[in-house]
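Residues per chain are reported as follows:
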Amino acid sequence: MLEQLLIFTRGGLILWTCKELGNALKGSPIDTLIRSCLLEERSGAASYNYDAPGASYTLKWTFHNELGLVFVAVYQRILHLLYVDDLLALVRREFSEIYDPKMTVYNDFDETFRQLRMEAEARAEELKKSKQMVKPVNNSKKQGQAQKAGFDKGNKKREGTSAAGGGDDNDEGKGRKLENGNSNGKNFEIDEPRMTAAVNGKENTSSNFSAFDVSKLQKRTKGGKKTDTVVNKGSKVDPKKKVTKKNRVWDDAPPETKLDFTDPVDGNGNEKMEVVPASQGESMMDVEEIISSDSGGEEDDNVQKDSKPEATKKGWFSSMFQSIAGKANLEKGDLEPALKALKDRLMTKNVAEEIAEKLCESVAASLEGKKLASFTRVSSTVQAAMEEALVRILTPRRSIDILRDVHAAKEQRKPYVVVFVGVNGVGKSTNLAKVAYWLLQHNVSVMMAACDTFRSGAVEQLRTHACRLQIPIFEKGYEKDPAIVAKEAIQEATRNGSDVVLVDTAGRMQDNEPLMRALSKLIYLNNPDLVLFVGEALVGNDAVDQLSKFNQKLADLSTSSTPRLIDGILLTKFDTIDDKVGAALSMVYISGAPVMFVGCGQSYTDLKKLNVKSIVKTLLK
């Protein structure tokens, strides 16, 4: 049974709800849908599953982009309602005819909706009966082909019959898959192109294998050997250029150059470390980055070049008239060339393919049916919509001001706790020291907690940073429970009056369950104010796997009913990627957590904020 159906504007004004259903929804599924799906550019998905204590709903929706309306249907997930998609389409068509922007109450639509629901349910029943009638015919056909295959004696006939039987099995499997897809609440119209692409991909690969010529491979191999011999001959021509190693002379004379680069040691055997005062240099976190506001004319031209085949199909005059006079409504076919060009461009910038595809689907859903303005090209419209979507994704959903939160925690006489987590070798300890340096410049007292009790040398590394920055460090050595060490460090900071505790943890892969369980215990036991995921800017597609599995493990292994997940992202090695900034978009899209810090160098000052406009401009350049 349908739980609720709502019609509201893009601005959030509810125009109509079904009074006949009148079911009070448990939790807040509509708010969660808007927050987690529509505002996060996931509106191209087929459906959304909402889970709350005592409630489990499936939500489906459709848009009327020209009028700015959203239609949402809610029903219990355990029920497989086949008529919801059809009902939403009917409601969208009927309501758009009576919609008036000046009206806010539509009581007369109740009777119309009752008739539309009865019509959609009747269609679903007829479709279900027709499928049940078709199934025995397929089975009898399959049995007849099996008997025919049994009576054939020739190998060729037997192979041909089995191939035909395999084709029917595949067709039947496709039909069953589509039927289950509808019953599971997935939209048939959205899933069909993906299935077609997969089938076409298989056919293409099979045809390529059958057309492969082995003789070409042998020729290439021989050619490779010939080039090797030529190179070897060339290397023997001029023996004078060969570099010989200079023999070392062992004598008692002291070396001319310094070979020992360790820190000097005083008479008592203690190392003399260079102290880095907080006034040595201004952190880049406090420097505003200025981005030129150049127009994206070049980008539009590139997209227009990619969509040139479509323009030639329609003809010069029709495309020119369309851009001047405007088009009645944008269709999916009009958007596909420009969206494909944008998808390819995002993937060249290191954005994960899955995320680039979802973004394009969401932009298509927001533009389909919208009226194209006069003197406007489709490519520029798509470009502007994608730019708005990227800015919306990368902009934090809530304001996270660490300095403000630190002072708020100080008024409550408790330290502000930040836990740094991530995979191995991304630079957690180094960037923790950069954050500490930035906090010191704002007159905030900091204490480090060495909770990486797993990796050899981790405590010594953090101790070196603490000595150079002249801040206290809490350590208990190795092979200790990191959760207990962090708890004692927070207690020590409370006694000493430290404002911030920066907790360093061991690097761990997202599939390492014992270490992930220890991390989940540390977060649950100490309840930090901020959980920062430290990731590399050059990981590319692996960022999606890392973040999604980190969040999944923290949720699954936590003993709390409301587990803590990742709150923010610190992106390291940002100075090594040139314009391949797609990892930032992939991480934010998959987790919903904002990028709060960006590491861009090897000194303590090389830490800055993420400039959203700069990233969007680079992604679309």
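Thresholds applied
Residues numbered from 1 in each chain as written. Predicted model: local features only at pLDDT ≥ 70, side-chain atom pairs only at ≥ 80, totals over all residues. Heavy atoms only, no water. Helix = DSSP H or I, 4+ residues; strand = E, 2+ residues; numbered from the N terminus. Buried < 20%, exposed > 50% of the residue type's maximum accessible area, 1.4 Å probe, protein only. Contact = heavy atoms within 4.5 Å. Areas by Shrake-Rupley, 256 points an atom, 1.4 Å probe, with all protein chains shown as cover. Pairing = 2+ DSSP bridges. Axes fitted to C-alpha atoms, helices over the stretch in contact; angles between N-to-C directions. Phe/Tyr/Trp six-rings, centres within 6.5 Å; stacked < 30°, edge-to-face > 60°. Salt bridge = Lys/Arg side-chain N within 4 Å of Asp/Glu carboxyl O. Expected span 1.5 Å × (residues − 1). Patch = residues over 30% accessible without salt bridge, like charges linked within 9 Å, V, L, I, M, F, W, Y side chains within 5 Å. Polar contact = N/O pair within 3.5 Å; in protein donor to acceptor, adjacent residues only side chain to side chain. Core = buried A, V, L, I, M, F, W, Y, C linked by side-chain atoms within 4.5 Å. Domains from an automatic or database assignment. UniProt positions renumbered as here; feature names shortened; annotations may be inferred. pLDDT = per-residue confidence, 0-100.

Q: Can you tell me about the overall build of the protein chain, naming the residues and giving the values?
A: The helix and strand tally for the protein chain stands at 20 helices and 13 strands. Considering the protein chain as a whole, with its 621 residues, one finds that 40% of them fall into the buried category. Of all intrachain contacts in the protein chain linking residues separated by at least 6 positions in sequence, the fraction that spans at least 24 positions is 73%. Within the structure as shown, the protein chain displays about 35,600 Å² of accessible surface, and the carbon and sulfur contribution to it stands at 52%.

Q: Got a sec to walk through the sheet that holds strand β2 (residues 14-17)? Specific residues and values, please.
A: If you trace the 5 strands from one edge of the open sheet to the other, you get β2-β1-β5-β4-β3, paired in antiparallel fashion. Looking at strand neighbours, the two that pair on one side only are β2 and β3 (48-52), the edges of this open sheet. Within the sheet, the average angular offset between the axes of one strand and its neighbour, ignoring direction, is 25 degrees. Bridge count for strand β1 (residues 2-9) against β2 is 3 bridges, and the pairing is antiparallel. Bridging from a neighbouring strand, L6 pairs with T17 of β2. This element, helix α1 (residues 29-38), spans β1, β3, β4 (55-64) and β5 (69-76) of the sheet and lies at about 60 degrees to β4.

Q: Summarise the packing of aromatic side chains; cite the residues concerned and give the values.
A: Counted according to the given criterion, the structure contains 10 aromatic pairs. Judged by centre distance (5.1 Å) and plane angle (90 degrees), the ring pair of W16 and F109 falls under edge-to-face. Pair noted here: W16 is in strand β2 and F109 is in helix α3 (residues 109-151), with a separation of 93 residues, a long-range link. Each member of the pair, W16 as well as F109, is classed as buried.

Q: How would you sum up the pairing of strand β12 (residues 595-599)? Please name residues and give values.
A: Of all 5 residues in β12, 5 are buried; the element is thus mostly enclosed. Sheet topology places strand β11 (residues 568-572) next to β12; 3 bridges connect them, and they run parallel. Within the sheet, the bridge partner assigned to L570 lies in β12 and is F597.

Q: Outline the pattern of salt bridges, listing residues and values.
A: Opposite charge on two side chains lets them pair, provided their charged atoms get close. Under the criterion given, the structure shown has 23 salt bridges. In this structure, D51 engages R77 in a salt bridge whose closest nitrogen and oxygen atoms are separated by 2.6 Å. Of this pair, D51 sits in strand β3 while R77 sits in the loop between β5 and α2 (84-98), and the two are 26 residues apart along the sequence. The class of D51 is exposed, set by a relative accessible area of 55%. Judged by its relative accessible area of 27%, R77 is partly exposed. D344 is the partner of K340 in a salt bridge, and the nearest nitrogen-oxygen pair spans 3.3 Å. One end of the pair, K340, and the other, D344, are both in helix α10 (residues 332-348), 4 residues apart, so they sit about a helical turn from each other.

Q: Lay out the sheet that holds strand β9 (residues 500-504) with the relevant residues and their values.
A: Sheet strands associate in pairs through backbone hydrogen bonding, adopting either a parallel or an antiparallel arrangement. The 8 strands lie next to each other as β8-β7-β9-β6-β10-β11-β12-β13, forming an open sheet whose pairing is mixed. Strands at the two margins of the open sheet, each flanked by one partner only, are β8 (473-474) and β13 (607-608). The pairing of strand β7 (residues 446-450) with β9 spans 5 bridges and is parallel. Directly across from M447, in β9, lies its bridge partner V501.

Q: I'd like to hear about helix α18 (residues 542-557), residue by residue, with values.
A: Here α18 contains 16 residues, and its C-alpha end-to-end distance of 22 Å stays within 8% of the 22 Å for a straight helix at 1.5 Å per residue. Within α18 the residues assigned to the buried category are A543, V544, Q546, L547, F550, N551, L554 and L557. For α18, the secondary structure elements touched by its buried residues are α11 (353-367), β6 (416-422), α17 (513-526), β10 (530-536), β11 and α19 (582-591).

Q: Outline a nonpolar patch on the surface, supporting the account with residue identities and numerical values.
A: Taken together, the side chains of M1, I78 and L79 make up a nonpolar region of the molecular surface, amounting to roughly 320 Å² of accessible area. Looking at where I78 falls in the secondary structure, it is placed in the loop between β5 and α2. Look at I78 and you get exposed, because its relative accessible area is 71%.

Q: Explain the environment of T453 to me, and be specific about the residues and the numbers.
A: Positionally, T453 belongs in the loop between β7 and α15 (458-469). Note on T453: relative accessible area 10%, which makes it buried. The sequence separation of T453 and P482 amounts to 29 residues, and the corresponding C-alpha distance is 6.5 Å. Look past the residues within four positions of T453 in its chain and what remains in contact with it is G477, Y478, E479, K480 and P482.

Q: An account of the side chain of T505 is needed here, citing residue identities and associated values.
A: Tracing the chain through its elements places T505 in the loop between β9 and α17. Given a relative accessible area of 2%, T505 falls into the buried group. A distance of 2.4 Å separates the side chain of T505 from the backbone oxygen of F420, its partner in a polar contact. When residues no more than four places from it in sequence are discounted, the contact partners of T505 are V419, F420, V421, K428, C451, D452, L519 and L522.

Q: Quick one: what's the story with the environment of M1, residue by residue and with numbers?
A: Here M1 lies in the segment before β1. When the C-alpha positions of M1 and L81 are compared, they lie 7.6 Å apart, and in sequence the two are 80 residues distant.

Q: Could you give an account of the nonpolar core, naming the residues involved and the relevant values?
A: In terms of nonpolar packing, the biggest core is built from 111 residues, with L439, L469 and L502 touching the most fellow members. Of the domains in this structure, domain 2 (333-394) and domain 3 (402-620) are the two that each give at least three residues to this core. Ignoring any residue separated from it by four or fewer positions in sequence, one finds L439 in contact with I402, L403, V444, V446, V500 and L502. Residues L5, W16, L21 and F109 belong to the second largest nonpolar core, which totals 26 residues.

Q: Got a sec to walk through the UniProt feature "domain: SRP54-type proteins GTP-binding" (unreviewed entry) in the protein chain? Specific residues and values, please.
A: Within this structure's numbering, the places UniProt gives as "domain: SRP54-type proteins GTP-binding" (unreviewed entry) are residues 594-607. Taken as a whole, residues 594-607 contains 0% helix and 43% strand, while its terminal C-alpha atoms sit 16 Å from one another.

Q: Describe the confidence of the model for the protein chain, with residues and values.
A: On average, the protein chain scores 76 in pLDDT, and the residues at 70 or more come to 70%. When the elements of the protein chain are averaged for pLDDT, helix α5 (residues 188-210) gives the smallest value, 39, and β9 the largest, 96. Across residues 293-325, confidence stays below pLDDT 50; counting only partners more than four residues off in sequence or on other chains, it has 38 contacts.

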